[in-house]
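Residues per chain are reported as follows:
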Amino acid sequence: MINEAPRVRFAPSPTGYLHVGGLRTALYNYLFAKHNNGKFILRIEDTDRNRYVESAVDNLIKALKWAGLQYDEGPDIGGIFEPYIQSQRLEIYKKHTDELIAKGEAYYCFCTPERLKNLKEEQEKKKLPQTKYDKHCLNLSTSEIENNLSNKIPYVVRLNVLPDQKIIFCDAIRNRVEFDSNNVDDQVLIKSDGYPTYHLANVVDDHLMKITHVIRGEEWISSTPKHVLLYDAFGWERPTFAHLPLLLNPDRSKLSKRQGDVAVEEYRDKGYLKEALINFVALLGWNAGDDREFYYLNELVEAFSLERVNKSGAVFDIVKLNSLNAEHLRKKPNEEILEMLRARIQETEFKIQNYSDEFLLMIIEAMKERVSFVHEFIDNCKYFYEAPKEYEKKAIEKNWKPETPMQLRKLRDAFSRLENPTKEDYEHALAKVSEELVIVKGKLIHPLRFAVSGQSTGPGVFDLLFILGKEEVIKRIDAAFENIKN
RNA sequence: GGCGCGUUCGUCUAGUGGCUUAGGACACCGCCCUCUCAAGGCGGGGAUCACGGGUUCGAAUCCCGUACGCGCUACCA
């Protein structure tokens with residue numbers, strides 16, 4: 001196993017969407033695989049028929065691909081160990097379970113849900129430290145079992161956990177972890193519907209698919225003893241386990257839907273860049289040991305190592321995500337932003353307009369350092385797309401003094417005399433008017449921006465004028481005389 | 001309750017026995033730049049390294065307890 005290229009898997013259960021915690025697990029698996037020239041595999045763990053969700057697998061795959069985490073083997077692309085969907089591997093689990101039963105490592109259990117429920121209640125009443133199955137069916141004779149089987153009495157298959165064993169395993173992130181087998185229940189391996197539980201399916205598949213490293217969330221650490229026992233029962237070599245710290249809500253509980261968005265799809269739809277989400281989520285529990293915080297996916301591959309993953313949970317801080325999004329957006333070429341902006345425009349009332357690339361590119365250049373999201377190239381500067389319908393209330397007083405209309409009229413007239421004005425032409429014209437009026441340029445600049453955009457903030461005013469064009473500028477100044485009442 | 005895992009600024013984190021008066025980032029505040037807002041630059045406040053014992057000449061760093069938090073405790077993953 002030493003020096004062999006690692007094989008890792010992301011094994012989500014299809015619940016309808018990709019959880020950001022799942023994204024991070026997938027990412028770490030991907031990074032580890034790619035860093036070590038190994039393989040990254042997607043396997044669908046759909047052994048719970050009660051939780052079956054239509055098209056969940058498609059969503060999962062779509063979200064993973066959107067994020068750029070391309071796997072080497074998976075349900076839609078196949079691979080040498082297909083199928084990669086557990087519900088299509090039922091015979092495999094059956095075969096391996098039979099083997100375990102033959103070895104005495106597992107046994108049939110015909111207990112009814114009622115008996116199980118009573119057993120549990122009794123144990124709770126006795127204030128036993130833990131509730132466990134009492135191995136009742138372990139004592140069934142061969143003929144009893146055969147009889148039950150031929151009478152089609154529903155059954156499950158349980159793992160036969162021997163008492164008083166120390167179960168020790170190594171975790172790449174937490175080092176040595178030890179459990180007492182007395183605390184491990186005779187876990188159900190095959191459910192009465194014939195489907196395997198996660199514990200069985202995961203071990204069988206990981207072995208068959210030659211998975212070398214099991215990198216998964218910390219919530220699995222408590223059930224790892226069962227998995228270890230299974231590897232031993234089959235006589236298989238154990239993979240290396242690496243249990244990742246949890247992603248947390250602001251109140252430090254496990255990241256959940258109740259306290260904000262958890263679906264990758266929601267972040268995508270809200271306008272987060274995949275680069276930012278990946279970068280952000282990578283840093284939640286890992287760092288290279290230096291001060292660097294800005295990474296692209298390929299750079300993460302380069303820098304990643306399991307040894308530098310933290311042990312403690314990390315709060316998902318949306319504010320920091322936002323700032324990373326802004327940073328990634330600023331670094332993007334304008335042409336790329338243009339594509340995204342056009343897509344966004346299609347979602348607004350401006351979709352019927354026919355904006356030129358040149359025009360939108362100017363907006364992007366002017367606004368790039370003032371936005372955090374692509375949609376803010378629209379939302380934060382509607383005035384580029386339409387004349388202001390209203391004027392920022394609290395800014396009127398500051399920007400619209402009694403003498404303002406007179407001064408702006410002079411400016412308007414100066415502008416109207418310009419021919420195909422450049423930015424500089426506007427600037428010179430304004431300088432000249434301010435000289436004539438014997439006022440500082442600011443006295444003209446701020447009311448001008450306000451008249452033209454309806455806002456008191458925004459890009460440099462001469463950029464604003466140039467982008468809008470002379471005709472529109474004059475129209476808007478005139479409109480302002482009508483609309484702004486002080 | 002039992003078992004397990006964890007605990008450095010509000011948050012993400014650096015730190016693997018002396019380089020640490022604990023460093024960086026986000027957020028917050030101030031200054032510079034400046035036509036505004038940003039971006040950028042500079043600076044500030046903010047962590048008795050959960051607590052208590054040890055080990056050591058010396059501990060955020062090693063050991064032991066305690067507290068707190070979280071996870072698991074299903075015929076769910």
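This structure is a prediction, so every number in the text was calculated from the model and none was measured.

Draft legend 1. Expanded view of the overall build of chain A. The number of helices and strands found in chain A is 20 helices and 11 strands. In terms of overall dimensions, chain A is more spread out than a globule: its C-alpha atoms have a radius of gyration of 32 Å, far above the 23 Å expected for 486 residues. Expressed along its principal axes, the backbone C-alpha trace of chain A runs to roughly 110 × 50 × 40 Å. Every one of the 486 residues in chain A was classed for burial, and the buried ones make up 49%. Here the contacts in chain A between residues at least 6 apart in sequence split such that 74% fall between residues at least 24 apart. Accessible area of chain A: about 24600 Å², with a carbon and sulfur share of 49%.

Draft legend 2. Structural view of the confidence of the model for chain A. Mean pLDDT over chain A stands at 95; residues scoring 70 or higher make up 99%. Here the predicted complex carries an ipTM of 0.95, next to a pTM of 0.95.

Draft legend 3. Main features of the protein's contact with RNA strand B. Close to RNA strand B lie 63 residues, the nearest being Lys-191, Glu-369, Arg-370, His-446 and Gly-458. For RNA strand B, the fraction of protein-proximal atoms (within 4 Å) that sit in sugar or phosphate groups is 72%. Here a phosphate oxygen of RNA strand B and a side-chain polar atom of Thr-47 are 2.8 Å apart. For RNA strand B, a phosphate oxygen lies 3.0 Å from a polar atom in the side chain of Arg-308. Broken down by secondary-structure element, the contributors of at least two residues to the surface near RNA strand B are helix 4 (113–125), strand 6 (175–180), strand 11 (314–315), helix 11 (318–331), helix 18 (442–453) and helix 19 (461–468). Among the elements that take part in the surface near RNA strand B, helix 11 stands out by supplying four residues, more than any other. Of the residues assigned to the surface near RNA strand B, the class counts are 22 nonpolar, 20 polar and 21 charged.

Draft legend 4. Just the packing of aromatic side chains, in detail. Here the structure, examined in full by the defined rule, presents 23 aromatic pairs. Aromatic side chains Tyr-272 and Phe-373 sit 4.9 Å apart centroid to centroid with 90° between the ring planes, which places their arrangement in the edge-to-face category. Remark: Phe-373 occurs in the loop between helix 13 (357–367) and helix 14 (376–379) and Tyr-272 occurs in the loop between helix 8 (264–269) and helix 9 (274–282); sequence separation between them is 101 residues. For the residue pair Tyr-272 and Phe-373, the accessibility class agrees, reading buried in each case. An angle of 80° between the planes, with centres 5.4 Å apart, marks the rings of Tyr-355 and Tyr-385 as edge-to-face. Placement of the pair is Tyr-355 in the loop between helix 12 (334–345) and helix 13 and Tyr-385 in the loop between helix 14 and helix 15 (393–399), with a sequence separation of 30 residues. Judged by its relative accessible area of 11%, Tyr-355 falls in the buried class. When its relative accessible area of 9% is taken as the criterion, Tyr-385 is described as buried. Three or more aromatic residues joined by ring pairs make a cluster, and in this case those are Tyr-267, Tyr-272, Phe-280, Phe-316 and Phe-373. Sitting over the face of the ring of Tyr-28, Arg-24 holds its NZ or CZ atom 5.2 Å from the ring centroid.

Draft legend 5. Quick look at the environment of Leu-23. Take Leu-23: it is sitting in helix 1 (residues 20–35). Taking the relative accessible area as the measure of exposure, Leu-23 reaches 0% and is therefore buried. Between the C-alpha atom of Leu-23 and that of His-199, which follows or precedes it by 176 residues, the distance is 22 Å.

Draft legend 6. Examining the pattern of salt bridges more closely. Applying the stated criterion across every chain, the model contains 32 salt bridges. Here Arg-115 makes a salt bridge to Asp-134, at a shortest N to O gap of 2.7 Å. Of the two residues, Arg-115 is situated in helix 4 and Asp-134 in the loop between helix 4 and helix 5 (142–150); the sequence distance between them amounts to 19 residues. Judged by relative accessible area, Asp-134 falls into the partly exposed class, the value being 35%. Here Lys-423 and Asp-463 are joined by a salt bridge, their closest N and O atoms 3.0 Å apart. You can see Lys-423 sitting in helix 17 (residues 423–437) and its partner Asp-463 sitting in helix 19, a full 40 residues away along the chain. On the basis of relative accessible area, Lys-423 is assigned to the partly exposed category, the value being 33%. Here the salt bridges share partners, and the residues they tie into one network are Arg-9, Arg-43, Glu-45, Arg-89, Asp-205 and Asp-206.

How each quantity is defined
- Residues numbered from 1 in each chain as written.
- Chains lettered and ligands numbered in written order.
- Predicted model: local features only at pLDDT ≥ 70, side-chain atom pairs only at ≥ 80, totals over all residues.
- Heavy atoms only, no water.
- Helix = DSSP H or I, 4+ residues; strand = E, 2+ residues; numbered from the N terminus.
- Rg over C-alpha atoms; globule rule 2.2 N^0.38 Å.
- Buried < 20%, exposed > 50% of the residue type's maximum accessible area, 1.4 Å probe, protein only.
- Contact = heavy atoms within 4.5 Å.
- Areas by Shrake-Rupley, 256 points an atom, 1.4 Å probe, with all protein chains shown as cover.
- pLDDT = per-residue confidence, 0-100.
- Near = heavy atom within 4 Å.
- Polar contact = N/O pair within 3.5 Å; in protein donor to acceptor, adjacent residues only side chain to side chain.
- Nonpolar A, V, L, I, M, F, W, Y, C, P; charged D, E, K, R; others polar.
- Phe/Tyr/Trp six-rings, centres within 6.5 Å; stacked < 30°, edge-to-face > 60°.
- Lys NZ or Arg CZ within 6 Å of the ring centre and 35° of its normal.
- Salt bridge = Lys/Arg side-chain N within 4 Å of Asp/Glu carboxyl O.

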